[in-house]
Amino acid sequence: MTLNLAVAADLSHPPVDVTAVLDHLAQHADTTAATSIGYPGATDLDHTAVMARLGNRLWNNIGDPHDTGGVAHTRILEQAVIAWIADLLGMPTHDRWGYVTTGGTEGNLSALHTAYRRWPTARIYYSTAAHYSIPKIIDMLGAYKAVVDAGPDGEMDYEHLAAQLRRRRRWPAIVVATAGTTMTEAVDDTTRIRTILTEYDMAGHLHVDAALVGIPLALDGRLRLDDTSGIGSIAISGHKFLGTPTPCGVVLIRDSARKPSIRIAYTGTADTTVTGSRCGLAAALLWHAIATHGREGHRWRAAEARRLAGYAVDQIRATGWPAWRHQHAFTVVLPTPPEPVRTKWLLATHDRTSHIVCMPGITKGQIDALAADITAATRTPIPHPRSPIDEGTP
Ligand SMILES: Cc1ncc(COP(=O)(O)O)c(C=O)c1O
C-alpha cells in the first residue's frame, strides 16, 4: 500500500508512524535519483564518513570564522576551506575574507550588503539572466537597480551595460556578473565589464555570482580574483559542484572592500556574517570533500562531467532534437521536450527552454535513456530556431 505522505506526516493526529515517513522519503529519493538531471547537485562524492562521525551533534560556528573568541566547533576546517578556495582563485593573502554560507543566495546577500555599505549611493546592475536572488537582495537592501539585457545565450550585453552605466554616471556602480547563469551556464566577461567601468571612470564594486561553476572555473584558471581582476567578491554554492548533502556555500570578499563591524559581547566575535549561528557540519563536509580529492581530483571530476555534457549534446541531437552548450559548460540546453519527458527527467524549464546539468555522478546510461525517451516521444522532429551557439564536438 502506498503511503500518503501528507496524511502520515500530519503532526496534529498523533501517534505518527515516524519510521514509515522516513522510509518513504528515503525510498522516494532513491527512486527519483536516476532521473534527477535537471538541477545541479553532484552525486559522485561519498560524504558518509562525515555524516556518520559528526551527523548526530550540533556543530555551530557562531560569528566570524577568522575570530578567536566565542563558540565555533569546526572553525579550523572552515578557515581551511576558505583558504583553499581563495588560493585557487589567486586572491592575495593580505586582501581576502570569507565564510561558509547557507548557499549561493546568502553569498550574494553578504557580498552585495558589504558592497552597498561601502557605496551607499551606488546603483546595482545585473543582467536579465542573473539569478532571481539578485533583484530580491537589491530590494532587501533598498537600493536602486539597473537591469542589463542578456543575449539569447545568456551572456550579458556589454553595449547595453555601457548604456545603462552612462545614464547613471554620477553614482557609483555595483555590478553583478554571473559566472554560470542558471539556465544556460553563460559566463559574463569580467574583463570587459571592468574595462567599461574604467572607461566611464566609475567607482564601485564588481561581484561575481559563481554559484555553480566557481570552483571548476577556478580549477581551470579561467576565474581569478587576483589583484588585476578588479573583482571584489564571489559567491559559490557548496552543494552543487561539491555535492554536499546539505545546502551550503562560500562567500569570499576582498578585505579592502569591507567596513568594520561591531563586536558582540556575548558571542565573543565580530558580527560579520549574515546569520549568527552557522552550520559547522557544512564546513566539515566541504573540508572533507576537498581534503579527500584535492585539486587534481576535482579537476578530473570537472573534466569528466564536461565530457559527458558533450556526449549528451551529441546524443540528443542524434534523436533529431536540438541541443547545445557553452564550450566548458556542464549544462545542456534544449527546447522543452514533450511533457512526459520533461516531467520524468525533472527538466528545469523557462520560456519553452529546458536544460539538463551533467554534474559529476551522472552517467552515459542516464543520457542514453533520456535520448531514447525523446526519440519515443517525438516521432517527427519539431522545427526549432537555430541554437544561439554553433557548437562543435567537445
Ligand atoms: C547563478 C546562480 N546564483 C545563485 C544561485 C542560488 O544558489 P543557492 O541555491 O545555493 O542559494 C543559483 C542556484 O541555482 C544560481 O544558479
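Since the structure is predicted, the reported quantities are computational estimates derived from the model, not experimental observations. (Residues numbered from 1 in each chain as written. Predicted model: local features only at pLDDT ≥ 70, side-chain atom pairs only at ≥ 80, totals over all residues. Heavy atoms only, no water.)

Quick look at the UniProt feature "modified residue: N6-(pyridoxal phosphate)lysine" (unreviewed entry) in the chain now. In the UniProt entry, the feature "modified residue: N6-(pyridoxal phosphate)lysine" (unreviewed entry) is given for K240. Owing to a relative accessible area of 19%, K240 belongs among the buried residues under this scheme. When sequence neighbours within four positions are dropped, the list of residues in contact with K240 reads P40, G41, A42, A211, L212 and M359. (UniProt positions renumbered as here; feature names shortened; annotations may be inferred. Buried < 20%, exposed > 50% of the residue type's maximum accessible area, 1.4 Å probe, protein only. Contact = heavy atoms within 4.5 Å.)

Closest axis-to-axis distance for the helix α7 (residues 158-167)/helix α8 (residues 190-199) pair is 10 Å, and the angle between their directions is 30°. The pairing of α7 with α8 is recorded here as roughly parallel in orientation. For the element pair α7 and α8, the recorded crossing hand is right-handed. Contacts between α7 and α8 involve Y158, L161, A162 and L165 from the former and R192, I193, I196 and L197 from the latter. Broken down by class, the residue content of the contact of α7 with α8 amounts to 7 nonpolar, no polar and 1 charged. (Axes fitted to C-alpha atoms, helices over the stretch in contact; angles between N-to-C directions. Helix = DSSP H or I, 4+ residues; strand = E, 2+ residues; numbered from the N terminus. Parallel < 35°, antiparallel > 145°, perpendicular 65-115°, else oblique. Left-handed = near helix turned anticlockwise from the far one by under 90°. Nonpolar A, V, L, I, M, F, W, Y, C, P; charged D, E, K, R; others polar.)

It is worth spelling out the environment of W171 at this point. Looking at the secondary structure, you find W171 in the loop between α7 and β4 (173-178). With relative accessibility at 25%, the residue W171 sits in the partly exposed group. In contact with W171, other than residues within four places in its own chain, are T121, R123 and M202.

In this section: the site of the ligand. Around the ligand there are 13 residues in total, and G104, T105, D209, S237 and K240 lie nearest to it. At 2.8 Å from an oxygen atom of the ligand is found a side-chain nitrogen or oxygen belonging to T105. Contact with the protein chains covers 83% of the free accessible surface of the ligand, which is 390 Å². In the shell around the ligand, the residues fall into 1 nonpolar, 10 polar and 2 charged. (Near = heavy atom within 4 Å. Polar contact = N/O pair within 3.5 Å; in protein donor to acceptor, adjacent residues only side chain to side chain. Areas by Shrake-Rupley, 256 points an atom, 1.4 Å probe, with all protein chains shown as cover.)

Helix length check: helix α4 (residues 75-88), at 14 residues, gives a terminal C-alpha distance of 20 Å against a target of 20 Å (1.5 Å per residue), a fit within 8%. Within α4 the residues assigned to the buried category are R75, E78, V81, I82, W84, I85, A86 and L88. Elements in contact with the buried residues of α4: β1 (97-101), α9 (214-220), β6 (233-237), β7 (249-253), β9 (269-270) and α10 (280-318). Looking one or two residues past α4, G90 carries a phi angle of roughly 70°, positive in sign. (Expected span 1.5 Å × (residues − 1).)

On to the sheet that holds β1. Here 7 strands make up an open sheet; going across it, the order is β1-β7-β6-β5-β4-β2-β3 and the pairing mixed. The open sheet has two free edges, formed respectively by β1 and β3 (144-148), since each of these has just one partner strand. Taken over all neighbouring pairs, the strand axes of this sheet differ in orientation by 15° on average, direction set aside. Note: strand β2 (residues 123-127) against β4, 3 bridges, orientation parallel. When the bridges of β4 are listed, I124 appears paired with I174. (Pairing = 2+ DSSP bridges.)

Turning to a nonpolar patch on the surface, a few remarks are in order. Where nonpolar side chains cluster on the molecular surface, the patch consists of V18, L22 and L25 and spans about 280 Å² of accessible area. Assignment of secondary structure puts L22 in helix α2 (residues 18-33). Residue classification places L22 among the exposed residues on the basis of a relative accessible area of 53%. (Patch = residues over 30% accessible without salt bridge, like charges linked within 9 Å, V, L, I, M, F, W, Y side chains within 5 Å. Salt bridge = Lys/Arg side-chain N within 4 Å of Asp/Glu carboxyl O.)

Further remarks concern the side chain of D64. By the element assignment, D64 lies in the loop between α3 (48-54) and α4. Polar side-chain contacts of D64 include one of 2.7 Å to the backbone nitrogen of H66. Engagement of the side chain of D64 in a polar contact is seen with the side chain of W97, the distance being 3.1 Å. Leaving out residues up to four positions away in the same chain, D64 has contacts with R75, W97, R258, T269, A270, T272 and T273.

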